[in-house]
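Chain by chain, the residues run as shown.
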Amino acid sequence: MKTGLVLEGGAFRTIFSSGACDGLLEGEVMTDYVIGVSAGIAYGVSYVSRQKGRNLEILTRYGGDPRYMGARNFFRRGNRRCYFGLDFIYNTIPNQLIPFDYDAYAAFPGEVEAVVTNLESGEAVYLPVPQRDDHFHLLQATCALPFLFPVFDIGGMPCMDGGAADAIPYRRAFEKGCGRVVVILTRERDYVRRPEKLQPLIDRWYRKYPKFCDTLRRRDQAYNAAREELFRLEREGRVLLLAPKNTQGFSRTERDVAKIRALWQDGYDQAAAKLPEIRAFLRGAS
């Protein structure tokens, strides 16, 4: 039976997941199946390509660079009105500045999926992350936060942030045949999601996609229910959870390098400390 790794999104909070994944790489722990949403999988491909420390280097070197994010990018030629510099993040960095190891990623014998939300249906769609895509089009789509990104066309579907419809896709991992699943969260265990304050604006801005608006309206309830089920599965021994100790004061677009390093370190330390437990847990899937 396969083993799985599930990566929640959360923009820059996902550096916790990167630290945890780097801890897994340090212990040579690799699962058969990897799935994530938004920055979870955008960072997670570096785990698959076994590039320990790559995401930390990217955020600490370029997270505060105006080419990476900032209002200027809305007006940058060819950037499709996005707060983030799409060409800089998904082309210049992986293909020039901090190279992504496409060969190592392609050599991964397992399966990697990303989640997007179909705006027309409001439902989650699970898609394989291509082995060769030097512009990471699917990863751009799964990261496409409302208001900050444009709508992406994926196979004829208008798509945005995968976290809208399935923020923690652990059920998909079980559907794909995983017997034991490691889930890396980006919020504390006691976190409770509140209703979306910007829902009236969402309803107006995305009025062309009413089912997408409905999905976002129910997002807090779906998210909180999913976490409760995860905690139950943890008690039953079917999932192993890692979660940050504290993300208070850490912005989803955090620029403070010390805070970024500290959250990465929290993830790394937790994974490193639990390596024997994680190995034993994953062996139980066989």
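Keep in mind that what you see is a predicted model, and the values were worked out from it rather than measured.

A. Structural context of unusual backbone geometry. The backbone of E28 sits at a positive phi, close to 55°, despite the residue not being glycine. Mapped onto the elements of the fold, E28 is located in the loop between α1 (15-26) and β2 (33-37). For E28, a relative accessible area of 70% corresponds to the exposed category. One non-glycine residue, F147, lies in the positive phi region at around 75°. Counting through the fold element by element, F147 comes out in the loop between α6 (137-142) and β5 (152-154).

B. How the structure looks around the side chain of T247. With respect to the helices and strands, T247 occurs in the loop between β8 (239-242) and α11 (257-273). Look at T247 and you get buried, because its relative accessible area is 2%. There is a polar contact of 3.4 Å between the side chain of T247 and the side chain of R187. When sequence neighbours within four positions are dropped, the list of residues in contact with T247 reads R13, T186, R187, E188 and L263.

C. Inspection of the pattern of salt bridges at higher detail. The final tally for this structure, using the stated rule, is 15 salt bridges. The shortest N-O distance in the salt bridge between D103 and R132 comes to 2.5 Å. Within this pair, whereas D103 is found in helix α5 (residues 102-106), its partner R132 is found in the loop between β4 (124-128) and α6, the two being separated by 29 residues in sequence. Judged by relative accessible area, R132 falls into the exposed class, the value being 54%. Among the salt bridges present, the one from E113 reaches R172, with a minimum N-O distance of 2.9 Å. You can see E113 sitting in strand β3 (residues 111-118) and its partner R172 sitting in helix α7 (residues 170-175), a full 59 residues away along the chain. Sharing partners across several salt bridges, the network here consists of R171, E229, R232 and E236.

D. The arrangement of the environment of K245 in detail. The topology assignment puts K245 in the loop between β8 and α11. K245 gets classed as exposed once you look at its relative accessible area, which sits at 68%. When near neighbours in sequence (up to four residues on either side) are disregarded, K245 contacts E188, D266 and Q270.

E. A look at the packing of aromatic side chains. If you walk through the whole model with that rule in mind, you get 14 aromatic pairs. Both rings, one in F74 and one in Y83, keep their centres 6.2 Å apart while their planes meet at 55°; by these two values the pair is tilted. A residue is classified by how much of its surface remains accessible, and Y83, at 19% relative accessible area, is buried. Ring geometry for F100 versus F136: centroids 5.5 Å apart, planes at 80°, classification edge-to-face. With F100 in the loop between α4 (86-97) and α5 and F136 in the loop between β4 and α6, this residue pair connects regions lying 36 residues apart in the sequence. According to the relative accessible area criterion, F136 is buried, its value standing at 10%. The ring of Y223 has R193 lying over it, and the distance from NZ or CZ to the ring centre is 5.8 Å.

F. How the structure looks around helix α2 (residues 39-48). Burial of α2 is extensive: 10 of the 10 residues sit out of reach of the surface. Where α2 is concerned, the buried positions are A39, G40, I41, A42, Y43, G44, V45, S46, Y47 and V48. Looking one or two residues beyond α2, the residue adopting positive phi is R50, at roughly 60°.

G. Structural context of the environment of S17. With respect to the helices and strands, S17 occurs in helix α1. In this structure the C-alpha to C-alpha distance between S17 and P244, which are 227 residues apart in sequence, comes to 8.7 Å. In this view, S17 contacts L7, E8, I184, L185 and T186; residues no more than four positions away in its chain are not counted.

H. Quick look at a nonpolar patch on the surface. Together, L198, L201 and W205 give the surface a local cluster of nonpolar side chains, amounting to about 310 Å² of exposed area. Looking at where L201 falls in the secondary structure, it is placed in helix α8 (residues 199-205). On the basis of relative accessible area, L201 is assigned to the partly exposed category, the value being 32%.

I. Representation of the packing of α1 against α2. One can describe the packing of α1 onto α2 by two numbers: an axis separation of 10 Å at closest approach and a directional angle of 10°. Here α1 lies roughly parallel to α2, going by the angle between them. On α2, the residues touching I15, S18, C21, L24 and L25 of α1 are Y43, S46 and Y47. Split by residue class, the contact of α1 with α2 holds six nonpolar, two polar and no charged.

What counts, and at which threshold
Residues numbered from 1 in each chain as written. Predicted model: local features only at pLDDT ≥ 70, side-chain atom pairs only at ≥ 80, totals over all residues. Heavy atoms only, no water. Helix = DSSP H or I, 4+ residues; strand = E, 2+ residues; numbered from the N terminus. Buried < 20%, exposed > 50% of the residue type's maximum accessible area, 1.4 Å probe, protein only. Polar contact = N/O pair within 3.5 Å; in protein donor to acceptor, adjacent residues only side chain to side chain. Contact = heavy atoms within 4.5 Å. Salt bridge = Lys/Arg side-chain N within 4 Å of Asp/Glu carboxyl O. Phe/Tyr/Trp six-rings, centres within 6.5 Å; stacked < 30°, edge-to-face > 60°. Lys NZ or Arg CZ within 6 Å of the ring centre and 35° of its normal. Patch = residues over 30% accessible without salt bridge, like charges linked within 9 Å, V, L, I, M, F, W, Y side chains within 5 Å. Areas by Shrake-Rupley, 256 points an atom, 1.4 Å probe, with all protein chains shown as cover. Axes fitted to C-alpha atoms, helices over the stretch in contact; angles between N-to-C directions. Parallel < 35°, antiparallel > 145°, perpendicular 65-115°, else oblique. Nonpolar A, V, L, I, M, F, W, Y, C, P; charged D, E, K, R; others polar.

All quantities given are derived from atomic positions and should not be read as evidence of function.
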